Structures are given as structure tokens and as C-alpha cells.
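Examining the three-dimensional arrangement
The chain contents come next:
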2 protein chains.
Amino acid sequence: MQANLVALPAEEAADFRLLCARNPVACPLLEELAPGTFVSSHAAGSDLRTDIPAYRLWRDGELVERAAPDAIAFWRADLVAFLIGCSYTFEWALEEAGLQPRHVARGSSVPMYRTNVPLAPAGRLRGHLVVSMRPYRGDEIERVRAITRPFVEAHGEPFHWGDAARIGIRDISRPDEGDAVPFEAGEEPVFWACGVTPQVVAVESKLPYVVTHEPGHMFVTDRRHEYLQTPPGRRRHLLGAAD
Amino acid sequence: MQANLVALPAEEAADFRLLCARNPVACPLLEELAPGTFVSSHAAGSDLRTDIPAYRLWRDGELVERAAPDAIAFWRADLVAFLIGCSYTFEWALEEAGLQPRHVARGSSVPMYRTNVPLAPAGRLRGHLVVSMRPYRGDEIERVRAITRPFVEAHGEPFHWGDAARIGIRDISRPDEGDAVPFEAGEEPVFWACGVTPQVVAVESKLPYVVTHEPGHMFVTDRRHEYLQTPPGRRRHLLGAAD
């Protein structure tokens, strides 16, 4: 199980928790840590300030630091860290079914796009949905949907497929984050909600201070596929007491 | 607490349950009944086939019966009934704060509009958000947001306010359901997600058979304001064992 990081001052934590509750497909909440703490219950001995390959810092809705190797200098005692599910989590299941995502084959980051789909606002937080994209043939899409549907902690089944313009994407060859991938004959874009969405929320809501991961550079937990395939409430034996 | 009704064949129940989970602002799920049953745990001695003032029947995505006085003839042993929260539930709180909705003052139904905001699809179900609208002055909107925010079982805080065109509403004077209301000087439209959304899902998904209430004609439960103001898990003494 891989995760997106969003850490913001405690005074915004209630709004962010509500944003996740109102937008669970974009922001499936895996964990909310106590203020100032950085050890995830999903990974023994972890440190959210250093265990992610690259970090970003946002101030007043602007990206002021990117690709920082750690977040030690950014961390504050009043920060509340949230972990949000990531679609990288289900890619093994697509691969096992012979549906390897194009970007995996190429060794690049998944392409991500801002859309014109508004989130349900929560307190001072608002924004628009970000999606990741994987090309598939039309006759593969129902299988792709069925395979990813159970992964509710990793955005679940696709949000949209086919005409990218219908969700406000003008140029599929120019993703806003990650790397473009080529299409083969008969393929169309398949879009999943993406945990980079809170970074657009940081911008649109002009949040004073937010620490996030760099898109495509995830927090990798100890949770294995068995965990995600076990219903919540029956997972206690698998690792720690996160449930 | 008031509720929207959606009853559909058991083979579509899993998809509808997932639609609610993925779109909890539009479809806050209050109850899912066992197949063929019609007594809600939210109202002692209730009968969902007769206790709503007016019903609709949809076949293959088309509205084939409207304003039916009961649903006895429509009910089938394989139907699963879902109750979805309704924004009428929080109007008393707006009234108590001196913010009576315009349509309440006029004794009419709240105006409702189809939008261009796509839902997160679930299995064979897809559609677009429906919203209800109440006019408020710009300086009242933050109070209106704060008052309705806690009512998560009744769509919570507004989805959008201000420019109706941004969510695809072309003519605010012509609602798709309910009655138009006039605006006074300085007022702008405030939109909440609406439990009529599943009726658009029935159309867009071409569902073979769906029984719903007539918009604005709600199932009124026994749950009182005290119930909604009590956190889930601490409500058991209030009525029955719905929690």
C-alpha cells in the first residue's frame, strides 16, 4: 500500500478531515496522525519527514520548495499529517491480470491531470479533482474497472474514461504532473481519482502552509496486498493495530 | 429527519451501495433494507410503499409513472429499498437562525437543478449531480455554510454558491424539479447536493426498474432534531436500534 502525504497546521485539520469524508474517491483517508508526530501506524519505525523520496512545501497557495530530499526543515510541532491512498497500490493487480500500465512498462511516473470537476468544499477548503491516466483498449476497460473497483483505499474504479475534454483535459500529451505516455491503436485514456488532488486544494484555497510529497514519489507502507484484500475489522493480525 | 427513496432490484443493490459510498455528499445513505421489505427502522410501523405522498416509477431509464399516490402496484419481492438523506432535514436549523429558506416562506417546493458535475461511477451506475437551491445574501453565506455543515446525513454544507453556470445551470428561473423562487437584492444562489441525484442516475444508466419518491415529497421519519445532533454510536436510547 502506497500513500500520499498532506501535512498542514492543526487549525486546518478538521476542515481537511471533512474534505476527505466528502470526497472519499479523491481523498481516501488512510491515517490522521496526532499533531507534530510523524510515525505512521502503517509502517513500523517510519518517519514521514524522511521516508518519502521527495517533498514539496506550499506557502499561501504557492509551491515554494520542490523535490526536497527530506522535510526535516519544513516540519513544525503544530503540523497534522494525513495519509491518502494512492493508485500505485493496485497496479500489481492490473499486472497480474496481464494489464500492465503503460508507464510501468516504460519505467516512468503515471501522467496526472487537473480537471474541471469541482470537489465538495469543506470549510475553507475547495478545489478541483486531479486524475491519473492509464491507456487501455476499449475491450479491456470493463476488466480494468472490475479489477480496481475493490481497492477503495486506492481510489477504487476509474472516475472517467474516453473523452478527456469532458472532464476539462485539453491536451492528453501534456500532463500537469508525471510523464506523458504514448497511446497504441484502439486505446483510450482511463482516468482514476488521484491523491495529488489536495495539492490543488492547497493552491485554490490559498492555504498558508502545507507539506506534501512530490507527485509520483510515494510513502511506501508495510501493508501488503493481503491487507487490502482483507475487510476492515479483520486485519488486526496482519500488522500492528491500525484498524 | 426526512429521506429520499430509491428502490431497485437486488441485482443492482451492490452497485447502488457503492455509488452512495463514492458519492456521500449527493447520496448520504441512511438505510438499506432487506430485499422485498418496506418497514424503515427510522420510523416505527412505517410502510415505504404507502407513507410517501407521491411516487415515481422508472423503466429502462424512462419515467413511466409520476405522482402515484402509493407504490403498492410497483413493489416487487426482489426490490431493495435505500433511504438517502434530504436537505429539508436542516431547514429548521436555518429558520432558527433567522435564515428561513425562500421556498419555505412561499410554501412551495425547493427548486432543484441538474448540473454538469459528474458523479464517481460505480459498476453500471453513472450520472450527474442534482442540487437544491436557496437564495441568500453574500454576507449570510458563511453562516449558512456553518449551520448546515454538521448535517452530514442531509448533504451537509453547500456544494457551490454564486455563479450557477460554473456547475452547468443555464437558467436559474427554470428548475428541473420543484418551484422557482424569486431573488431579492444582493442575493445569490446557494446550492446543496440533492437526493434526487439517483433519479438522474436511473436515466443516465438506463436502469430497468426503479421506484422513487416524487421530488419534494419526502419520507418523514420519526428521527427528531436531537437524533441528528447526537453523534452516531450514542443514539441508541433515542429510538429503536437503527445505530
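A brief look at the structure comes next. Everything quoted here is computed from the prediction, not taken from an experiment. (Residues numbered from 1 in each chain as written. Chains lettered and ligands numbered in written order. Predicted model: local features only at pLDDT ≥ 70, side-chain atom pairs only at ≥ 80, totals over all residues.)

**Description of the overall build of chain A**
So the rule is basically this: Per the convention used, a helix needs a DSSP run of H or I reaching at least four residues, while a strand needs a run of E reaching at least two, with both numbered from the N terminus. Here the globule rule reads 2.2 Å times residues to the power 0.38, and the radius of gyration is calculated from C-alpha atoms. Backbone-placed C-beta atoms define the burial measure: a residue is buried with 20 or more other C-beta atoms within 10 Å of its own, exposed with 12 or fewer, and partly exposed in between. Here contacts are defined at the residue level, using C-beta atoms placed from the backbone and a cut-off of 7 Å between them.
Each helix and strand counted, chain A has 6 helices and 11 strands in total. For chain A, the C-alpha radius of gyration of 17 Å lies close to 18 Å, the compact-globule estimate for 243 residues. Along the three orthogonal principal directions, the C-alpha set of chain A runs to about 50 × 40 × 30 Å. In chain A, which comprises 243 residues, the proportion classed as buried is 46%. Sequence-distant contacts in chain A: of pairs separated by 6 or more residues, those separated by 24 or more amount to 74%.

**Concerning the nonpolar core**
The test is simple: Definition of nonpolar core: a set of buried Ala, Val, Leu, Ile, Met, Phe, Trp, Tyr and Cys residues joined via C-beta atoms within 7 Å.
In this structure, Val131 of chain A together with Val131 of chain B are the most contacted members of the largest nonpolar core, which totals 128 residues. Excluding its chain neighbours within four sequence positions, the residues that come into contact with Val131 of chain B are Met112, Tyr113, Thr115, Phe159, Phe191, Trp192, Ala193 and Cys194 of chain B.

**Examining the relation of the copies chain B and chain A**
Definition in use: Here the copies are superposed with least squares, the fitted atoms being C-alpha atoms of residues at a pLDDT of at least 70 in both.
When chain B is fitted onto chain A, the two copies agree to an RMSD of 0.0 Å after a turn of 180° and an axial shift of 0.0 Å. Seen this way, the second copy is the image of the first under a two-fold rotation axis. By C-alpha distance to the rotation axis, the residue of chain B lying nearest is Val117 of chain B, at 3.1 Å. The share of interface residues of chain B whose copies in chain A are also at the interface is 100%, consistent with both copies meeting through the same surface.

**Some words on the interface of chain B and chain A**
The cut-off we apply is this: Side-chain classes follow a simple rule in which Ala, Val, Leu, Ile, Met, Phe, Trp, Tyr, Cys and Pro form the nonpolar group, Asp, Glu, Lys and Arg form the charged group, and the remainder, Gly included, forms the polar group.
Facing 11 residues of chain B, the contacting portion of chain A comprises 11 residues. Each residue belonging to the side of chain B that touches chain A can be placed in one class, and the counts come to 7 nonpolar, 2 polar and 2 charged.

**What about helix H1 (residues 13–22) of chain A?**
Among all positions in H1 of chain A, only Phe16, Leu18, Leu19, Cys20 and Arg22 of chain A are buried. Elements in contact with the buried residues of H1 of chain A: strand E1 (2–9), strand E2 (29–32), strand E5 (79–85) and helix H5 (197–204) of chain A.

**Quick look at the environment of Ala154 of chain A**
In this fold, Ala154 of chain A is placed in the loop between helix H4 (141–148) and strand E8 (160–161). When neighbours within four sequence positions are excluded, Ala154 of chain A is seen to be in contact with Gly85, Cys86, Ser87, Thr89 and Phe90 of chain A.

**A few points about the sheet that holds strand E7 (residues 128–137) of chain B**
Hydrogen bonds between backbone atoms are what pair the strands of a sheet, whose relative direction is either parallel or antiparallel. Residues and elements named next belong to chain B. Quick note on the threshold: At least two DSSP bridges between two strands are required for those strands to pair. Lines fitted to the C-alpha atoms define the axes, with helices restricted to the stretch that makes contact. Angles between their N-to-C directions range from 0 to 180 degrees.
The strand order across the open sheet built from 4 strands is E6-E7-E9-E8, with neighbouring strands paired in antiparallel fashion. Strands at the two margins of the open sheet, each flanked by one partner only, are strand E6 (112–118) and strand E8 (160–161). Contacts from helix H5 (residues 197–204) reach E6, E7 and strand E9 (187–193) within the one sheet, and its direction differs from that of E7 by about 150°.

**A look at unusual backbone geometry**
One non-glycine residue, Lys206 of chain A, lies in the positive phi region at around 50°. Mapped onto the secondary structure, Lys206 of chain A falls in the loop between H5 and strand E10 (209–213). Assessed through the 12 C-beta atoms surrounding it within 10 Å, Lys206 of chain A is described here as exposed. A positive phi is found at Asp60 of chain B, a non-glycine position, where the angle reads about 50°. Within the secondary structure, Asp60 of chain B is located in the loop between strand E3 (55–59) and strand E4 (62–68).

**Notes on the sheet that holds strand E9 (residues 187–193) of chain A**
All names here are of chain A. Pairing within the open sheet is antiparallel, and its 4 strands lie in the order E6-E7-E9-E8. Looking along the sheet, the strands with just one partner apiece sit at the ends: strand E6 (112–118) and E8. Two strands pair when backbone bridges link them, and E6 and strand E7 (residues 128–137) are joined in this way by 4 bridges, in the antiparallel orientation. For Pro118, the partnering residue across the bridge sits in E7 and is His128.

**So, the pairing of E1 of chain A**
Residues and elements named next belong to chain A. With 7 of 8 residues buried, E1 is to be regarded as a mostly interior element. Both E1 and strand E11 (residues 219–220) contribute to a ladder of 2 bridges, which runs antiparallel. The residue of E11 that forms the bridge with Ala3 is Phe219. Here E1 runs beside E5; their pairing, made up of 7 bridges, is antiparallel. For Val6, the partnering residue across the bridge sits in E5 and is Phe82. With 2 bridges joining them, E1 and E10 adopt antiparallel strand pairing. The partner of Ala7 across the bridge, within E10, is Val211.

**Some points on the environment of Pro111 of chain A**
All names here are of chain A. Among the structural elements, Pro111 can be located in the loop between helix H3 (102–106) and E6. For the pair Pro111 and Met133, spaced 22 residues apart in sequence, the C-alpha separation works out to 5.7 Å. With residues near it in sequence (within four places) discarded, Pro111 still touches His103, Ser132, Met133, Pro175, Gly178, Asp179, Ala180 and Val181.

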